[in-house]
Amino acid sequence: MASVVTINIPQHVRLSYIALARRSFSSTSAQHSSSQFHRSDFANQPFTGTYETGLPTSGPLGGASIHGASRLTPKMLKQHLDQFVVGQDRAKKILSVAVYNHYQRIQEIQRQEEEAEELIAQRERRERHPVEDEFPGQQPTIRLGGPPTREFEGRMNSSPLLDTTPLTIEKSNIMLLGPSGVGKTLMAKTLARVLSVPFSMSDCTPFTQAGYIGEDAEVCVHRLLAAANYDVSRAERGIICLDEIDKIATAKVSHGKDVSGEGVQQALLKIIEGTTIQIQAKPERNAPRAGGQSNTYPTHNPLAGSGYTSSSNTSSTQPSKGEVYNVRTDNILFIFSGAFIGLQKVVMDRLSKGSIGFGAPVRSSSSLFYSPSSSSSKPNSHNEPIPILPGSEEEALYKKHLPFFTPTQPAQDQDSSSDPSFPVPEPTYFNPLDLLTPTDLQTYGLIPELIGRIPTTAALSSLSHSLLLRILTEPRSSLTAQYSTLFSLSSIELRFTTPALHVIASNALAMGTGARALRTEMEAILGDAMFEAPGSSVKYVLVTEKVARREEGAVYFGRGQGGRFHALIAQEEGDWEEKVRLKREGRRKERRKGGDGSGGIGSFEEWRVKAAAGAAAGAG
């Protein structure tokens, strides 16, 4: 019989073995569980085994933007401007790109700030709990104070200086130039309604140098802060539009210190470049005083039954008096606009200096302002802008100074110009301000330091007859829609005939004040109608060609005379179509005569050849 050997195992060894067996069994069962997986189980699979937040992936979307699809694009901004501003395509493209880049800069700055805040928060968590986040249950390593090791000293001495500052995208301020009434201010105000950044507009006319009577240049930043509801972080990423920038040009003849010209330009330098401005909040003039008294005044206005309250619930958002805000202007985009009267002559004088020499044509500085289609040497009548024709001097200048310029080809058959189903592309008109250089602005009166801070310029051209006609009818807030709505509030229907619109556009073009002249014409034509029609039996008001020519007053129709109203409109439109048809046939006959060589001019080249032949004959 075999002897049994008894082994005595200590109690603590037995307990340790049992605990080890339980831990091994629990880990094995967890590893083979169908509902739990570890990243090491998929190490040999054809996809990423690790993932780090905030870093780009190497998959199909590796090259995509970390912000995702942009909510705004330059094309979207231009399409929005097209609904309110007619023409000026080049200026709208430049302004849309500038605003879009500013919008992208703001998003990138926000992303960098959020990333920096996340790194700071992560560093603080690790300083409080060094290994608790990654290895729960572990104790941190305690290092006693002592001298650093040689390896650490060598690494510190051999490593170069590293700058971990992220890439900074600088802003590009923009300047809009053009005559009065072409849409400079309208474009800026239109973009302000669709952007999610604060926007303010200031006039440079009352600006003076600090310490003199007038407004300081820092007022524009104060208005931006007020537009941001005194939120400094939003105001520091807004857009400031400074209108009438040409009014602060350096005075040609000054009998003392130029405090409203060069002094204002020097004050704007640091604001545009980037500085910190301290703004002390001031309560509005109409804000209620302390004690809860509101400025309520009695009124006899028939449209309001009670008193007029000048301050509403918005007074609660006003800052307290004496509160100081520090606003940085590094990321504020500045848009400048001005008419710059006389700057065209400066540009043309510069271009005319190189017109004298062997084989070079001699021309005056104002020769390019004349229409090439006119047989005489008198200026272009009715302020009509000059289209850029193929082979002309204007086209040569544009190709020399403007990148990638391609003129609009003139339509061979202009007979379809009155047919809306065959739209004729608007030609590119000659504008000397398109050929502007920083030297011209310095000659006009702007200091070089200010010009260097405005790298982008966009020139707006004068409005032609066709553009004024489109302004009357096409925009969402067109004048015809405005006055029709105004009459409809009194239950009156207002209509304009096509020849009347053409006459209104022609009269406005002769005034030379741009699109603002259209409202002047409308007020002069509809002044009596707006006085007589409301509250009377008039239900229809018609503006015909004779009314637009000031030969008679507006035609009134009462209730039940809608048939006569529409019949008169049809007759007027029929006469206009017949007139257009006759003019079309006359143009065709002239074109046939020009093709037969009987004296007609079929193209710009033929006109230039005949003009040169006539000049030679006159000299002989």
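Procedures and definitions
- Residues numbered from 1 in each chain as written.
- Predicted model: local features only at pLDDT ≥ 70, side-chain atom pairs only at ≥ 80, totals over all residues.
- Heavy atoms only, no water.
- Phe/Tyr/Trp six-rings, centres within 6.5 Å; stacked < 30°, edge-to-face > 60°.
- Disulfide = S-S within 2.5 Å.
- Salt bridge = Lys/Arg side-chain N within 4 Å of Asp/Glu carboxyl O.
- Helix = DSSP H or I, 4+ residues; strand = E, 2+ residues; numbered from the N terminus.
- Buried < 20%, exposed > 50% of the residue type's maximum accessible area, 1.4 Å probe, protein only.
- Patch = residues over 30% accessible without salt bridge, like charges linked within 9 Å, V, L, I, M, F, W, Y side chains within 5 Å.
- Areas by Shrake-Rupley, 256 points an atom, 1.4 Å probe, with all protein chains shown as cover.
- Lys, Arg positive; Asp, Glu negative; His and termini not counted.
- Charge placed at Lys NZ, Arg CZ, Asp CG, Glu CD.
- Arc of directions from axis to C-beta.
- Pairing = 2+ DSSP bridges.
- Axes fitted to C-alpha atoms, helices over the stretch in contact; angles between N-to-C directions.
- Parallel < 35°, antiparallel > 145°, perpendicular 65-115°, else oblique.
- Left-handed = near helix turned anticlockwise from the far one by under 90°.
- Contact = heavy atoms within 4.5 Å.
- Nonpolar A, V, L, I, M, F, W, Y, C, P; charged D, E, K, R; others polar.
- Core = buried A, V, L, I, M, F, W, Y, C linked by side-chain atoms within 4.5 Å.
- Polar contact = N/O pair within 3.5 Å; in protein donor to acceptor, adjacent residues only side chain to side chain.

The name an unreviewed UniProt entry assigns to the protein is ATP-dependent Clp protease ATP-binding subunit ClpX, from the organism Endocarpon pusillum.

Enquirer: Describe in detail the packing of aromatic side chains, supporting the description with residues and values.
Expert: Overall, the coordinates contain five aromatic pairs when judged by the stated rule. Every member of this aromatic cluster is reached through a ring pair, and the members are Y540, F557 and F565.

Enquirer: Outline the state of the cysteines, supporting the account with residue identities and numerical values.
Expert: One pass over the structure, following the stated rule, counts zero disulfides. Looking at the unpaired C204, the closest cysteine sulfur is the one in C220, lying at 7.9 Å. Here C241 stays unpaired: no disulfide links it, and the sulfur of C204, its closest cysteine neighbor, is 8.8 Å away.

Enquirer: Which residues make up the pattern of salt bridges, and what values go with them?
Expert: Side chains that differ in sign of charge can pair as their charged atoms come close. Counted by the stated rule, this structure contains 21 salt bridges. Across the pair E521 and R550 runs a salt bridge whose closest N-O atoms are separated by 2.8 Å. You can see E521 sitting in helix 16 (residues 516-532) and its partner R550 sitting in the loop between helix 17 (545-548) and strand 12 (555-558), a full 29 residues away along the chain. Judged by its relative accessible area of 48%, R550 is partly exposed. When salt bridges that share partners are traced, they join K78, D82, D89 and K92 into one network.

Enquirer: Can you lay out unusual backbone geometry for me, pointing to particular residues and giving the numbers?
Expert: The residue Y230 is not glycine, and still its phi comes out positive at about 60°. With respect to the helices, strands and loops of the structure, Y230 is situated in the loop between helix 6 (219-227) and helix 7 (232-235). In this model, R550 sits at a positive phi of 65°, which is unusual for a non-glycine residue.

Enquirer: An account of the environment of S478 is needed here, citing residue identities and associated values.
Expert: As for its position among the elements, S478 is in the loop between helix 13 (465-473) and helix 14 (479-488). In this structure, the C-alpha to C-alpha distance between S478 and V85, residues 393 residues apart in sequence, is 9.8 Å.

Enquirer: Requested: an account of a positive patch on the surface, with residues and values cited.
Expert: Together, K589, R591, R592 and K593 make up a region of like positive charge exposed at the surface. Relative to the elements of secondary structure, R591 occurs in helix 18 (residues 562-595). Among the residues examined, R591 registers a relative accessible area of 38% and is labelled partly exposed.

Enquirer: Residues and numbers for helix 2 (residues 74-82), please.
Expert: Within helix 2, the full set of buried residues consists of L77, K78, H80 and L81. Buried residues of helix 2, seen end-on, are gathered within an arc of 155° and therefore sit on one face of the element. Turned more than 90 degrees from where helix 2 packs its buried face, K75 and Q79 sit exposed.

Enquirer: Account for the sheet that holds strand 11 (residues 538-543), with residues named and values stated.
Expert: A sheet is described by the order of its strands in space; here three strands give the open sequence 10-11-12, paired in mixed fashion. The sheet is open, and its two borders are formed by strand 10 (493-496) and strand 12, each paired with just one other strand. Adjacent strand axes in the sheet meet at a mean angle of 20° when their direction is disregarded.

Enquirer: Go over the packing of helix 13 against helix 15 (residues 498-511) with me, naming the residues and quoting the values.
Expert: Relative orientation of the contacting elements helix 13 and helix 15 amounts to 120°, with a least axis distance of 9 Å. In terms of orientation, helix 13 and helix 15 fall into the oblique class. Along this stretch, helix 13 crosses helix 15, giving a crossing that reads as right-handed. Across the interface between the two elements, H465, L468, L469, L472 and T473 of helix 13 pack against L501, H502, I504, A505, S506, A508 and L509 of helix 15. In the contact of helix 13 with helix 15, the residues fall into eight nonpolar, four polar and no charged.

Enquirer: Summarise the environment of G178; cite the residues concerned and give the values.
Expert: Its place among the elements puts G178 in the loop between strand 1 (174-177) and helix 5 (184-192). Here the alpha-carbon distance between G178 and N431, two residues 253 residues apart in the chain, equals 9.1 Å. Setting aside its immediate chain neighbours within four residues, G178 contacts K184, G338, A339, L433 and L460.

Enquirer: Go over the nonpolar core, please, and point to the residues and values.
Expert: Among the nonpolar cores identified, the biggest contains 66 residues, and L526 and V541 are the most heavily contacted of them. In this structure, V541 is in contact with F487, I492, E493, L494, R495, A529, A533, A554, V555, Y556 and F565, ignoring residues within four places of it in sequence. Formed by 52 residues, the second largest nonpolar core is a distinct cluster that contains C204, A235, L242 and M348.

Enquirer: Give me the packing of helix 2 against helix 5: which residues, what numbers.
Expert: Two elements in contact, helix 2 and helix 5, have axes separated by 10 Å at closest approach and are oriented at 120°. When the interaxial angle is binned, helix 2 and helix 5 end up oblique. Relative to helix 5, the crossing made by helix 2 is right-handed. In this structure, helix 2 contributes L77, H80 and L81 to the contact, and helix 5 contributes M187, T190 and L191. A breakdown of the residues in the contact of helix 2 with helix 5 according to their chemical character gives four nonpolar, two polar and no charged.

Enquirer: Got a sec to walk through the sheet that holds strand 1? Specific residues and values, please.
Expert: The sheet built from five strands is open, its strands ordered 2-3-8-1-9 with parallel pairing. Where the open sheet ends on each side, the last strands, each with one partner, are strand 2 (199-203) and strand 9 (456-459). Here the average twist between neighbouring strands, direction ignored, is 20°. As paired elements, strand 1 and strand 8 (residues 333-338) share four bridges and run parallel to each other. Opposite L176, over in strand 8, you have S337 as the bridge partner. Along the sheet, helix 5 makes contact with strand 1, strand 2, strand 3 (239-243) and strand 8, crossing strand 2 at roughly 155°.

Enquirer: I'd like to hear about the pairing of strand 11, residue by residue, with values.
Expert: Among the six residues in strand 11, five count as buried, and that is most of the element. Bridge analysis of strand 10 against strand 11 gives four bridges, and the strand direction is parallel. Residue pairing in the sheet places E493 in a bridge with Y540 of strand 11. As paired elements, strand 11 and strand 12 share four bridges and run antiparallel to each other. Bridge pairing links V538 to G558 in strand 12.

Enquirer: Mind laying out the side chain of Q88, listing which residues take part and the relevant values?
Expert: The residue Q88 is located in the loop between helix 2 and helix 3 (89-128) in this model. In this structure Q88 comes out as buried when scored by relative accessible area, which is 9%. A polar side-chain atom of Q88 sits 2.9 Å from the main-chain carbonyl oxygen of S461. Sequence-distant contacts of Q88, that is, excluding residues within four places in its chain, are made with V182, L460, S461 and L463.

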